[in-house]
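Architecture and fold: a report
These are the residues of each chain, in order.
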Amino acid sequence: MTGASTQTVTPIAAKASASDLPSVDRILNLAEVQPLLAQFGRTQLTGALRKHLDQLRAAALADRLTPADVDTTQLVSALEKQLAAANQPRLRALFNLTGTVLHTNLGRALLPDEAVQAVVSALTTPGNLEFDLDSGGRGDRDNLVEDVLCELTGAEAATVVNNNAAAVLLMLNALAQKKEVIVSRGELVEIGGAFRIPDIMQRAGAKLVEVGTTNRTHPADYANAITARTAMLMKVHCSNYAISGFTRSVEVDALAQLAQPHGIPVTVDLGSGTLVDLAQWGLPSETTVRQTIQQGADLVTFSGDKLLGGPQAGLIVGRADLIRRIKKNPLKRALRVGKLTLAALEPVLRLYLAPEFLTERLTTLRLLTRHQLAIRTQAERLLPVLQSVLGTHYTVTAEAMFSQIGSGAMPVDQLPSYGLAVRAGNAANGGKRHGRALDKLEKALRQLPRPVIGRIGNDTLWLDCRCLEERDETLFSTQLRAIAL
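Observations concerning the overall build of the protein chain
Along the protein chain, the regular secondary structure elements total 19 helices and 16 strands. Computed over its C-alpha atoms, the radius of gyration of the protein chain comes to 30 Å, more than 25% above the 23 Å expected for a compact globule of 485 residues. Dimensions of the protein chain, computed from the C-alpha atoms along their principal axes, are close to 115 × 60 × 40 Å. A total of 485 residues make up the protein chain; the buried ones form 46% of that total.

So this is what it looks like as structure tokens:
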């Protein structure tokens, strides 16, 4: 009929009801579920299945359940994804493209192969952790690393606890409980997680005596503060900040001269701590532990997982009589390290006995000393791969940038590096839209199978290639195709 109108009929979406849901037993007996049973076990699989079915029943009550939801194949697929997500490790491998080599939040130092193999052995076989193979009697776990620590630092004795904050706490509690410790006001640092030297001192039971000012402290400030209740003069290395300009501090040798007539020790919290002169490889110079001992320090504490390049640990080296007092303190047992830490620490320390091979064998030093040209070549290889994945919505360029040694280890010193700079749209115009686009990309990189961690600044996502090992390039490039924007 001429002029007749036609109407479009919208099909009614098919619905499913709770009665369409399969039973738990039926699903568990399916052939395609048997591999999941073998992998995850009946208890975990049944729990996940019941949870998923409960969600589908809730959808049915809300009239949102579809036939696809109750399809056996789709249900099993959803169950597999749920179990895989639930069993994914919380501590995951990732790519550190932040430009910070010793990144506290990303685990700090990476262990060399020798340490990794030693840890594997300690995990899978019994060992002489506290067993003296010569006498057949009980041994001291510190003996596993004490000799090599003393050889490398020039100290008389050494002990190991779980981190440098623990080392400082134990040292203060053992030697200065209910007594006074003199520290320059300019050295009352706060380390990561808002832990402060005054707080640690208070917990240790020692009384803090501040001397000098924030920017200038003189020998007379220490001398005038010494009393009969003084337990030690303490110097704290400012490894996570720097004061410049009109400044002065008192060196260890001058403190030793002040302390000696009073019979009180000089202790140094060296913070990061290095066993070798880094300047020989073109890195910023840092006072070594041996130099600190030679300057007159009676005790030195430092970290194992920063410039040392080993596992997390706090090392205390120095006079044998003071180390003995520290080891007798009950806190020593509470703060001691386990076999895995010692298994990793010993081979790392032994690498320092052949310093000419350190840049090849010690992972941390190898990353710190990577030449900018090699990093640039790597970045230029990766540029077309990332650009093809991101398309026209982002612009990727290979650019020079600066790496950081570590937020808690020489933070103001920078290393010439190279990497990928990603900008959204016409980034020159700035604006919130570009910021949101970069945030979206940064999140997508974090959600990759092996997350990629970069940093955003100046309307740019910076991906510093210094810590991207060449052996990992293929995996890095391949998984970029999984970016979901």
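After that view of the structure, there is still more to cover.
Concerning the side chain of Lys235
Within the fold, Lys235 resides in strand 8 (residues 230-236). Only 2.9 Å separates the side chain of Lys235 from the backbone oxygen of Val250, close enough to count as a polar contact. Apart from residues lying up to four places away in sequence, Lys235 is in contact with Glu187, Ser249, Val250, Glu251, Val252, Leu255, Thr267, Val268 and Asp269.

Considerations on the packing of helix 3 (residues 42-61) against helix 4 (residues 72-86)
As a packed pair, helix 3 and helix 4 sit with axes 10 Å apart at the nearest point and diverge in direction by 120°. Accordingly, the angle class assigned to the pair helix 3 and helix 4 is oblique. Classified by chirality, the crossing of helix 4 by helix 3 is right-handed. For the pair formed by helix 3 and helix 4, the contact residues are Gln44, Leu45, Ala48, Leu49, Lys51, His52, Leu53 and Leu56 on the first element and Leu75, Ala78, Leu79, Gln82 and Leu83 on the second. Looking at the contact of helix 3 with helix 4 residue by residue, the class counts come to 9 nonpolar, 3 polar and 1 charged.

Structural notes on the pattern of salt bridges
This structure, assessed with the given rule, holds 19 salt bridges. Arg336 is paired through a salt bridge with Glu130; the nearest N and O atoms lie 3.4 Å apart. With Arg336 in the loop between helix 13 (331-335) and helix 14 (339-351) and Glu130 in the loop between helix 5 (113-124) and helix 6 (143-153), this residue pair connects regions lying 206 residues apart in the sequence. Across the pair Asp140 and Lys327 runs a salt bridge whose closest N-O atoms are separated by 2.6 Å. Pair noted here: Asp140 is in the loop between helix 5 and helix 6 and Lys327 is in helix 12 (residues 320-328), with a separation of 187 residues, a long-range link.

Some points on the sheet that holds strand 15 (residues 455-457)
Taking strand neighbours across the sheet as the criterion, the 5 strands line up as 2-12-13-16-15 in an open arrangement whose pairing is mixed. Each having just a single partner strand, strand 2 (100-102) and strand 15 make up the two edges of the open sheet. Each strand of the sheet is rotated relative to its neighbour by a mean of 35°, with strand direction disregarded. Strand direction decides the pairing type here: strand 2 and strand 12 (residues 394-406), joined by 2 bridges, are parallel. Paired with Leu102 across the two strands is Gly406, which belongs to strand 12. On top of the sheet, helix 17 (residues 372-390) reaches strand 12, strand 13 (414-424) and strand 16 (460-464); it is set at about 10° to strand 13, its chief contact.

Overview of the environment of Phe195
The residue Phe195 is located in strand 6 (residues 195-196) in this model. Sequence separation of Phe195 and Glu360 is 165 residues, and the distance between their C-alpha atoms is 35 Å. For Phe195, the residues in contact, after removing those within four places along its chain, are Val189 and Glu190.

Details of the sheet that holds strand 9 (residues 266-269)
Pairing is mixed in the open sheet, where 7 strands are placed in the order 3-11-10-9-8-4-7. Across the chains shown, the open sheet's two edge strands, defined by having one partner strand only, are strand 3 (157-161) and strand 7 (207-211). Neighbour to neighbour, the strand axes of the sheet diverge by 25° on average, direction disregarded. The pairing of strand 4 (residues 180-184) with strand 8 spans 4 bridges and is classified as parallel. If you follow Val183 over to strand 8, its bridge partner there is Met234. Taken strand by strand, helix 12 contacts strand 3, strand 10 (299-303) and strand 11 (314-318), and its axis lies near 30° from that of strand 3.

Some details on the pairing of strand 13
Here strand 13 lies mainly inside the structure; 8 of its 11 residues are buried. Relative to strand 13, strand 12 runs antiparallel, the two being bridged by 11 bridges. Considered in strand 13, the bridge of Ala398 is made with Leu420. For strand 13 and strand 16, the ladder comprises 4 bridges, and the chain directions are antiparallel. Paired with Leu420 across the strands is Leu463, a residue of strand 16.

Describing helix 4
The end-to-end C-alpha separation of helix 4 is 21 Å, in line with the 21 Å expected for 15 residues at 1.5 Å each. Of the positions making up helix 4, those classed as buried are Thr72, Leu75, Val76, Leu79 and Leu83. In a view along the axis of helix 4, the buried residues occupy a sector of 95°, so they form one face of it. Residues of helix 4 that are exposed and angled more than 90 degrees away from the buried face: Thr73, Lys81 and Ala85.

Quick notes on the rules
Residues numbered from 1 in each chain as written. Predicted model: local features only at pLDDT ≥ 70, side-chain atom pairs only at ≥ 80, totals over all residues. Heavy atoms only, no water. Helix = DSSP H or I, 4+ residues; strand = E, 2+ residues; numbered from the N terminus. Rg over C-alpha atoms; globule rule 2.2 N^0.38 Å. Buried < 20%, exposed > 50% of the residue type's maximum accessible area, 1.4 Å probe, protein only. Polar contact = N/O pair within 3.5 Å; in protein donor to acceptor, adjacent residues only side chain to side chain. Contact = heavy atoms within 4.5 Å. Axes fitted to C-alpha atoms, helices over the stretch in contact; angles between N-to-C directions. Parallel < 35°, antiparallel > 145°, perpendicular 65-115°, else oblique. Left-handed = near helix turned anticlockwise from the far one by under 90°. Nonpolar A, V, L, I, M, F, W, Y, C, P; charged D, E, K, R; others polar. Salt bridge = Lys/Arg side-chain N within 4 Å of Asp/Glu carboxyl O. Pairing = 2+ DSSP bridges. Expected span 1.5 Å × (residues − 1). Arc of directions from axis to C-beta.

Any functional reading would require information beyond the geometric quantities listed.
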